[in-house]
Number of protein chains: 2
Amino acid sequence: MLAANVDETLEIDREALFQLALRLGDTSLILGHRLSEWAGHAPILDEDIALSNLGLDLIGQARSFLTYAGEVEGRGRDEDQLAYMRNAPEYRNLLMVELPRGDFAFTMVRQFLFSAFQLPFYQQMMQSRDKTLAAIAAKAEKEMAYHLRHSSQWVVRLGDGTKESHERTQNALNSLWTYTGEMFETDASLKALIEAGIYCDPASIRETWNKSVDDVLQQATLTRPETGWMQSGALTGRHSEHLSHLLAEMQSVQRAYPGLKW
Amino acid sequence: MLAANVDETLEIDREALFQLALRLGDTSLILGHRLSEWAGHAPILDEDIALSNLGLDLIGQARSFLTYAGEVEGRGRDEDQLAYMRNAPEYRNLLMVELPRGDFAFTMVRQFLFSAFQLPFYQQMMQSRDKTLAAIAAKAEKEMAYHLRHSSQWVVRLGDGTKESHERTQNALNSLWTYTGEMFETDASLKALIEAGIYCDPASIRETWNKSVDDVLQQATLTRPETGWMQSGALTGRHSEHLSHLLAEMQSVQRAYPGLKW
């Protein structure tokens, strides 16, 4: 399976690649779920449709990454088993995406901070020596360009809006800021994948991300929070209690219909 | 506004046309909302994506019908004000669509019974002398053809599946049956619109609907319930308590962000 996708002369740690595919898939899955919670609750009908579409993009990405994770793992688990039959400590998503959807400003600020990373990230991942990851990234990159544009516009509109919308948006930014460090984190496994040309070095994305963030915050008349201590947990599966609640809901139907595929 | 859409020689009761547009828009809106509640909860990832897409189709239809309702009403209300700023007694949706989403079998049986009506209904509405309604119907007809195919396949799969899935599906059918009569209901206003060639006579759809239902139930090894007393309420705005709960949720954000359009 790997042979078709990765240069065989590389010494790839299959477990590290599996964990990477989970990290990418789980992050998209959980954020897609959080966006889908807006369905029927957005403040205007067009935005209801827009948020659902963003959520569908992310769930589609998750499906691709988790299918690949199952292939890499080689134990016969498909994307549904990986999405629905694991417990919280086995998830590798960024902590940022598991936070409750919050108010509309929180949702948009999160989408902005995340997309401002994901767009340049996928642009680099299109060059990955892992051809499957490169192909998924090529599709996702187009989607994230739209997510970034859409969420940037909203952050500006809300930040530079009424007094209340400005305050809500600044509060959201302050709450989310300590979760942004995790996107740039690496560990020994990821470093090995970076050296092998499979993962891209997130440090190389820092400057692009900073510029996107500063530009939008300035237009939105928002203040960039001080960067200090940062949350961490995705790489080791240490999650907030919010993930367990989300999974309990998300998995309840699958577990009630175990025979769905007969 | 009407002049462009409806033959002016007709004596159209503007209020009756407004109520019809609400009936069509509200029914799509509420069912779209119920489908969107599955986002992140469907038993398999593909079905999560599929149900969200069905929901988006319906919310798109609702948007078109409610925009038109606002134009017909002529009091300056747009689709967002109609969707979010009315109370339950002002909604004209079929009772069937406001019932809670229930289990997966319930959702699929409802979608099937509804789509089996909506497809031939929109096919006839494409001939409406109201050109706006005809145009919305032409787009919706394609969507409902897919909804009917998708839900039919699931009803067969669930009904002709395991003992448990069969029982759940038969129970769903039994619970929903008394709500099917309302699709065929008319009152004096609708009859006037039928005579004017604007609305289609639902009686003319009965045979097609019966045939779709009988075919699928037979393949699904399900028993068609006896037809007796039928629920009624959509035409007069008499709703179950479920609608109030749904609206409370759906409208909470809009009401928290009244200044969203600045």
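Use the structure listed above.
Heads up: these notes are all about the structure in this document. Because the structure is a prediction, the values reported are computed rather than measured.

## Points about the overall build of chain A
Secondary structure summary: chain A contains eleven helices and zero strands in total. Its C-alpha radius of gyration of 18 Å places chain A within 12% of the 18 Å reference for a compact globule of 262 residues. Taking the principal axes of the C-alpha coordinates as reference, chain A spans close to 55 × 45 × 30 Å. Here chain A holds 262 residues, and 58% of them are scored as buried. Considering only contacts within chain A whose residues lie at least 6 apart along the sequence, 81% involve residues at least 24 apart. A total accessible area of about 10,400 Å² is found for chain A, and carbon and sulfur atoms account for 51% of it.

## Focus on the packing of helix 6 (residues 104-125) of chain A against helix 8 (residues 163-177) of chain A
Residue and element names in this part refer to chain A. In contact at an axis separation of 8 Å, helix 6 and helix 8 are set at 50° when each is read in the N-to-C sense. Our classification of the angle between helix 6 and helix 8 gives oblique. In this structure, helix 6 crosses over helix 8, and the sense of that crossing is right-handed. Contacts from Ala-105, Phe-106, Val-109, Arg-110 and Leu-113 of helix 6 reach helix 8 at Arg-168, Thr-169, Ala-172, Leu-173, Ser-175, Leu-176 and Trp-177.

## What about the environment of His242(B)?
Residues and elements named next belong to chain B. When you line up the elements, His-242 lands in helix 11 (residues 241-256). Distance in space between the C-alpha atoms of His-242 and Leu-95 is 9.5 Å, their sequence separation being 147 residues. In this view, His-242 contacts Arg-34, Glu-98, Leu-99 and Pro-100; residues no more than four positions away in its chain are not counted.

## Observations regarding the relation of the copies chain A and chain B
The two copies are related by a screw motion: chain A maps onto chain B through a turn of 180° and a shift of 0.0 Å along the axis, at an RMSD of 0.0 Å. As the rotation angle and translation indicate, the two copies are arranged about a two-fold axis. Residue by residue, 100% of the interface of chain A is reproduced at the interface of chain B, so both copies engage with the same surface.

## As for the layout of surface pockets
Here the largest pocket is characterised by a volume of approximately 220 Å³. Along the walls of the largest pocket sit 13 residues, with Glu37(A), His41(A), Glu249(A), Glu37(B) and His41(B) positioned nearest its centre. Tallied by class, the residues present in the lining of the largest pocket amount to two nonpolar, five polar and six charged. The calculated volume of the second largest pocket comes to roughly 160 Å³. If you trace the second largest pocket, you find 13 residues lining it, with Gln19(A), Leu20(A), Asp187(A), Ser189(A) and Leu235(A) closest to the centre. Broken down by secondary-structure element, the contributors of at least two residues to the lining of the second largest pocket are helix 2 (14-36) and helix 9 (188-195) of chain A. Here the lining of the second largest pocket takes five residues from helix 2 of chain A, the largest share from any one element.

Calculation rules
Residues numbered from 1 in each chain as written. Chains lettered and ligands numbered in written order. Predicted model: local features only at pLDDT ≥ 70, side-chain atom pairs only at ≥ 80, totals over all residues. Heavy atoms only, no water. Helix = DSSP H or I, 4+ residues; strand = E, 2+ residues; numbered from the N terminus. Rg over C-alpha atoms; globule rule 2.2 N^0.38 Å. Buried < 20%, exposed > 50% of the residue type's maximum accessible area, 1.4 Å probe, protein only. Contact = heavy atoms within 4.5 Å. Areas by Shrake-Rupley, 256 points an atom, 1.4 Å probe, with all protein chains shown as cover. Axes fitted to C-alpha atoms, helices over the stretch in contact; angles between N-to-C directions. Parallel < 35°, antiparallel > 145°, perpendicular 65-115°, else oblique. Left-handed = near helix turned anticlockwise from the far one by under 90°. Least-squares fit on C-alpha atoms with pLDDT ≥ 70 in both. 1 Å grid on protein atoms, 1.4 Å probe; cavity = no way out; pocket = protein on both sides within 12 Å on 5 of 7 lines; lining within 4 Å. Points joined across faces, edges and corners; volume = space filled by probe spheres on them. Nonpolar A, V, L, I, M, F, W, Y, C, P; charged D, E, K, R; others polar.

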